[in-house]
Amino acid sequence: MKMLAEDIKNGNFKTAYLFCGEEAYLRNQYKNRLAQALCDPSDTMNFSRFEGKNIIPAEVISLADTLPFFAERRLILIEDSGFFKNKCDELADYLPKMPDTTCIIFVETEADKRNRLYKAVQKQGRVIEFQTQDERTLMKWILGTLKKENKKITESTLQLFLERTGIDMENISTELEKLLSYTEGRDVITSQDVNDICTVQTTGQIFEMIRALAEKNQKKALDLYYDLLSLKEPPMRILFLIARQFNQLLLVKSLAAKGYDKAAIASRAKIAPFVAGRCMTQAKSFTTDQLKTAVQDCVQAEEDVKTGKITDTLSVELLIMKYSK
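Residues numbered from 1 in each chain as written. Predicted model: local features only at pLDDT ≥ 70, side-chain atom pairs only at ≥ 80, totals over all residues. Heavy atoms only, no water.

1. Details of the overall build of the protein chain
Across its full length, the protein chain carries 16 helices and 7 strands. The principal-axis extents of the C-alpha atoms in the protein chain amount to approximately 75 × 55 × 40 Å. Expressed as a percentage of its 325 residues, the buried residues of the protein chain come to 46%. Put simply, 74% of the contacts in the protein chain that link residues at least 6 apart link residues at least 24 apart. Surface exposure of the protein chain reaches about 17,500 Å², of which carbon and sulfur atoms provide 49%. (Helix = DSSP H or I, 4+ residues; strand = E, 2+ residues; numbered from the N terminus. Buried < 20%, exposed > 50% of the residue type's maximum accessible area, 1.4 Å probe, protein only. Contact = heavy atoms within 4.5 Å. Areas by Shrake-Rupley, 256 points an atom, 1.4 Å probe, with all protein chains shown as cover.)

See below:
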């Protein structure tokens, strides 16, 4: 990303860029910045956009060979093509021969590094992979945004905010905008503000549900389940998330037993450090055998639904009741 920022700053552009990775917010931000630096997106004579799995490579090549019209360069934006998961030998062969007056920006969620087109972009231009950001980076970004708005927040309130929003930057941006509007006229954001206005993500509600199970608070666990159902969350997705949470707790408990600290557990479990800290606390409420049994029960519940022994809604409800009684 630093090299890309240098390209934009110096106006020294490559002929091809690939933006990939699971952090959609950063992908879109940098895509827009680069596109605006290369060409005015409103210039329909020199800016073209392709999207989806039915893009014809020959059309892209024909356009790329066309000289720009009263402009420095021609820009072609290709999004969600699937060329980097499957293959596109035509473009892989073409990129080394493409005129310097054309730039192609590829934007994909997933990309296979063994792919020929991936290697061609890597050789001729730049591949930028936008990964999920760590806790420290997210906090720094949020604090920078709040500072511009002359807002103050304590570390504990910021932690609460991240617990509710999760680590998806697009969602954080949306919730931050809501929070800023809600606290207009005040310079300090409180925990109460976060609780009042910020929406808890499904994964956060699942975490609270598991906490309620550990505390044997059946009413709260079931209320959280019914809330998710009212939000049209499919029961089988809720079951999947419950199973994933139990699996995560089992892994965290195992790593903690081996003496790993929070940072090492976060790295090995591939979760944010603040998530690792919450899981370490929550895992103490269960024995290793209880967690193993819970995972097995989730698998059995899914099997019972698939074989028609029970409805999906009831299977999850019974699972919650078993572990909260």
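2. What about unusual backbone geometry?
A positive phi is found at F70, a non-glycine position, where the angle reads about 50 degrees. Positionally, F70 belongs in the loop between α3 (57-64) and β3 (74-79). Owing to a relative accessible area of 78%, F70 belongs among the exposed residues under this scheme. A positive phi angle, near 50 degrees, is found at D80, a position not held by glycine. Relative to the helices and strands, D80 is located in the loop between β3 and α4 (89-94). For D80, a relative accessible area of 30% translates into the label partly exposed.

3. Describing the nonpolar core
Counting 78 residues, the largest nonpolar core has F19, L34, I105, F161, M209, I242 and F246 as the members making the most contacts within it. At 10 residues, the largest contribution of residues to this core is made by helix α12 (residues 235-257). With sequence-adjacent residues up to four places away left out, M209 is seen in contact with A221, L224, Y225, L228, I242 and I320. Grouped together as the second largest cluster of nonpolar side chains are 24 residues, C20, V60, I61 and L91 included. (Core = buried A, V, L, I, M, F, W, Y, C linked by side-chain atoms within 4.5 Å.)

4. A word on the sheet that holds strand β1 (residues 16-20)
What the 5 strands build is an open sheet, ordered β2-β3-β4-β1-β5; its pairing is parallel. Strand pairing shows two members of the sheet lacking a second neighbour, β2 (47-51) and β5 (126-129), which therefore form its edges. Looking at each pair of strands side by side, their axes are set apart by 15 degrees on average, direction ignored. The sheet contact formed by β1 and strand β4 (residues 102-107) spans 4 bridges and is parallel. The partner of Y17 across the bridge, within β4, is I105. Running over the sheet, α3 touches β2, β3 and β4 and is turned about 160 degrees from β3. (Pairing = 2+ DSSP bridges. Axes fitted to C-alpha atoms, helices over the stretch in contact; angles between N-to-C directions.)

5. Brief notes about the environment of T145
Relative to the elements of secondary structure, T145 occurs in helix α6 (residues 135-148). Overall, T145 belongs to the partly exposed group, its relative accessible area being 23%. Expressed as a C-alpha distance, the spacing of T145 and L176, which sit 31 residues apart in the sequence, is 8.8 Å.

6. Comments concerning the environment of L314
Mapping L314 onto the fold places it in helix α16 (residues 312-324). L314 sits 79 residues away from P235 along the chain, and the two C-alpha atoms are 8.8 Å apart.

7. Quick notes on a nonpolar patch on the surface
On the surface, M45, F69 and F70 cluster together to form a nonpolar patch covering roughly 400 Å² of accessible area. Topologically, M45 is positioned in the loop between α2 (24-38) and β2. Judged by relative accessible area, M45 falls into the partly exposed class, the value being 46%. (Patch = residues over 30% accessible without salt bridge, like charges linked within 9 Å, V, L, I, M, F, W, Y side chains within 5 Å. Salt bridge = Lys/Arg side-chain N within 4 Å of Asp/Glu carboxyl O.)

8. Some remarks on the layout of surface pockets
Estimates place the volume of the largest pocket at around 950 Å³. Every residue lining the largest pocket is counted, 35 residues in all, and those nearest its centre are T132, I167, I271, A272 and V275. Elements that contribute at least two residues to the lining of the largest pocket include exactly α7 (155-165), α10 (202-214), α12, α13 (262-269) and α14 (273-283). The computed volume of the second largest pocket comes to approximately 180 Å³. Looking at the second largest pocket, the residues that line it are M1, Y25, L26, Q29, Y30, Q133, T137, W141 and M169. (1 Å grid on protein atoms, 1.4 Å probe; cavity = no way out; pocket = protein on both sides within 12 Å on 5 of 7 lines; lining within 4 Å. Points joined across faces, edges and corners; volume = space filled by probe spheres on them.)

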